[in-house]
Every structure is written in structure tokens, then in C-alpha cells.
Amino acid sequence: KNQVEQSPQSLIILEGKNCTLQCNYTVSPFSNLRWYKQDTGRGPVSLTIMTFSENTKSNGRYTATLDADTKQSSLHITASQLSDSASYICVVSAGSGGYQKVTFGTGTKLQVIP
Amino acid sequence: NAGVTQTPKFQVLKTGQSMTLQCAQDMNHEYMSWYRQDPGMGLRLIHYSVGAGITDQGEVPNGYNVSRSTTEDFPLRLLSAAPSQTSVYFCASSYSMDNSYEQYFGPGTRLTVT
């Protein structure tokens, strides 16, 4: 069964500090991994996407890494801002071509405080 | 572009009532989908459509109906609401169901069934 597990469940950090969120998956055959940011009361918005051959992808202060051998990904946030307060969701796709099975993690709720 | 819009934002129903959640997109996307998001669980796919006139079931389709008469609109119908359908519902659209293309999510509808 395809599974995506994220840790920690929640995290509180001071503004300006860095943090790293983790995602472990058991999905086969792996197609791609995407990180989403979901603000409270809003829909998810894609931050990065990585395929099997990519091991790092950046989007501003967000850097995602992928280790396809250990089936782990991380999202590193640099110099956090209050606007980074949100849930971060790891999403892994299995399969190829027309139909892909997409599995969503439960998310890490990040709170950045002044 | 408005992107993906959903109405209503909030809805309270009594058990047994029916209603339709509206979803529209103005990006000319072929692929549209409905998800539900429950506390402690990842988003789960209810129904999806790969084009006008074509729909299919996702992971949790029971109790829901969909139709796709136009490219723009993809309404979700609850036939006889049950408390287990209390959830936040997200509509999404994408150029393709290939998950390498970004999915754009609407703002969500928060539904409570009493």
C-alpha cells in the first residue's frame, strides 16, 4: 500500500530561523514528489516537484531534497518569515503516463513566531 | 484569470439533505478533480474528470456524484448528506492528469453535516 509519512506533525520556530521538514514514502513505482504549502483556509499551492533523477530543487527560500534510494525527502526553509506559517504537504506520485496514483501526506503544521 | 473558484465557502446541512458544490476554472484545463481533507488524514480523491463528458471514481466516491458537461465546470453532488461527509472539499484542475503538471486548487468548501 502506498504511504507517505511526514514529520514532525507540528513545529514552532522563531522568525529568522531555519527549519527542515521530513517526508518518508513507500510508493512504487515512483514517478515524482511534490511539496505543497497550504495556508489556513486556502487550497494547497505547489512549491517544488522532483523526479527520480533530481536530488535537489529550490524555490526561493525553500529547498527540497530527494533521496530515492532511502525514499526520503526533506523541505528546508531558510530565514523563516511569519508568512511561512502554514501546513506543508508532501505528495508522491506512482505510475507513469496517463494514470498516476497520487498519495498525500498528512502535512507538517509550521508556526513562525516573532 | 480567476483560476479555480468554488462556491459556497461554508455550508451546513442536515442529514439526508442534498446539495451541489460548485467548481469552475478558467485555465482551459482538461483534468479536474475533487478531494476531501479531514483532520489527521491526507487529501483523498473523490472523483476526477479527464475532459468534458468523461468522469471516473477516485479513492472515496461513495455518496458523491459528478458530471462534466463543459471544460470549465465540475460540480460535486451530495445525494443524501451524512455526518461522515463533514469535511473540507477542494476542487483542483490541471493541464493533464499526469502529475508532473501542476494541479491548481480552489479555496475549498467547508461542509458540516448535522
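Residues numbered from 1 in each chain as written. Chains lettered and ligands numbered in written order. Predicted model: local features only at pLDDT ≥ 70, side-chain atom pairs only at ≥ 80, totals over all residues. Heavy atoms only, no water.

Colleague: I tried to follow the overall build of chain A on my own but got confused; where do I start?
Modeller: Counting its secondary structure elements, chain A contains zero helices and 11 strands. The N-to-C order of helical and strand elements in chain A reads β-β-β-β-β-β-β-β-β-β-β. A compact globule built from 114 residues should have a C-alpha radius of gyration of about 13 Å, and chain A, at 14 Å, falls within 12% of that. Taken over the C-alpha atoms alone, chain A extends approximately 45 × 25 × 20 Å along its principal axes. For chain A, buried positions account for 45% of its 114 residues. Considering only contacts within chain A whose residues lie at least 6 apart along the sequence, 56% involve residues at least 24 apart. Working note: accessible area of chain A is about 5500 Å², and carbon and sulfur atoms make up 50% of it. (Helix = DSSP H or I, 4+ residues; strand = E, 2+ residues; numbered from the N terminus. Rg over C-alpha atoms; globule rule 2.2 N^0.38 Å. Buried < 20%, exposed > 50% of the residue type's maximum accessible area, 1.4 Å probe, protein only. Contact = heavy atoms within 4.5 Å. Areas by Shrake-Rupley, 256 points an atom, 1.4 Å probe, with all protein chains shown as cover.)

Colleague: Which parts of the structure should I look at to understand the pairing of strand S11 (residues 108-113) of chain A?
Modeller: Within a regular beta strand, the side chains point alternately toward one face of the sheet and then the other, so they alternate between its two faces. Residue and element names in this part refer to chain A. Burial of S11 is one-sided: the residues Thr108, Leu110 and Val112 facing one way are buried, the residues Lys109, Gln111 and Ile113 facing the other way are not. Where strand S2 (residues 10-14) lies against S11, five bridges are found, and the strand directions are parallel. Across the sheet, the residue bridging to leucine 11 is leucine 110, located in S11. Two strands pair when backbone bridges link them, and strand S9 (residues 86-96) and S11 are joined in this way by three bridges, in the antiparallel orientation. Its bridge partner being in S11, serine 87 is matched across the sheet by lysine 109. (Pairing = 2+ DSSP bridges.)

Colleague: In this structure, what is going on with the interface of chain B and chain A? I would like to understand it.
Modeller: Interface extent is often summarised as the accessible area lost during association of the parts. Contact residues are listed per partner, giving 19 residues for chain B and 21 residues for chain A. For the pairing of chain B and chain A, the buried interface totals around 1500 Å² over both sides, and the portion due to carbon and sulfur atoms is 51%. Scanning the region where chain B abuts chain A turns up zero salt bridges. At the boundary of chain B with chain A, the tally comes to three residue pairs in polar contact (both at pLDDT 80 or more). Split by residue class, the side of chain B that touches chain A holds nine nonpolar, seven polar and three charged. (Buried area = accessible area lost by both parts, 1.4 Å probe. Salt bridge = Lys/Arg side-chain N within 4 Å of Asp/Glu carboxyl O. Polar contact = N/O pair within 3.5 Å; in protein donor to acceptor, adjacent residues only side chain to side chain. Nonpolar A, V, L, I, M, F, W, Y, C, P; charged D, E, K, R; others polar.)

Colleague: Explanation requested: the sheet that holds strand S7 (residues 62-67) of chain A in the structure shown.
Modeller: By definition, the strands of a sheet pair up through backbone hydrogen bonds, in either a parallel or an antiparallel sense. Residue and element names in this part refer to chain A. Overall, antiparallel pairing links the five strands, which are arranged S1-S3-S8-S7-S6 in an open sheet. Sheet topology places strand S1 (3-7) and strand S6 (56-59) at the edges, where each strand pairs with a single neighbour. For this sheet, the mean inter-axis angle between neighbouring strands, taken without regard to orientation, is 15 degrees. The pairing of S7 with strand S8 (residues 72-77) spans six bridges and is antiparallel. In the strand pairing of S8, threonine 65 is matched with serine 74. (Axes fitted to C-alpha atoms, helices over the stretch in contact; angles between N-to-C directions.)

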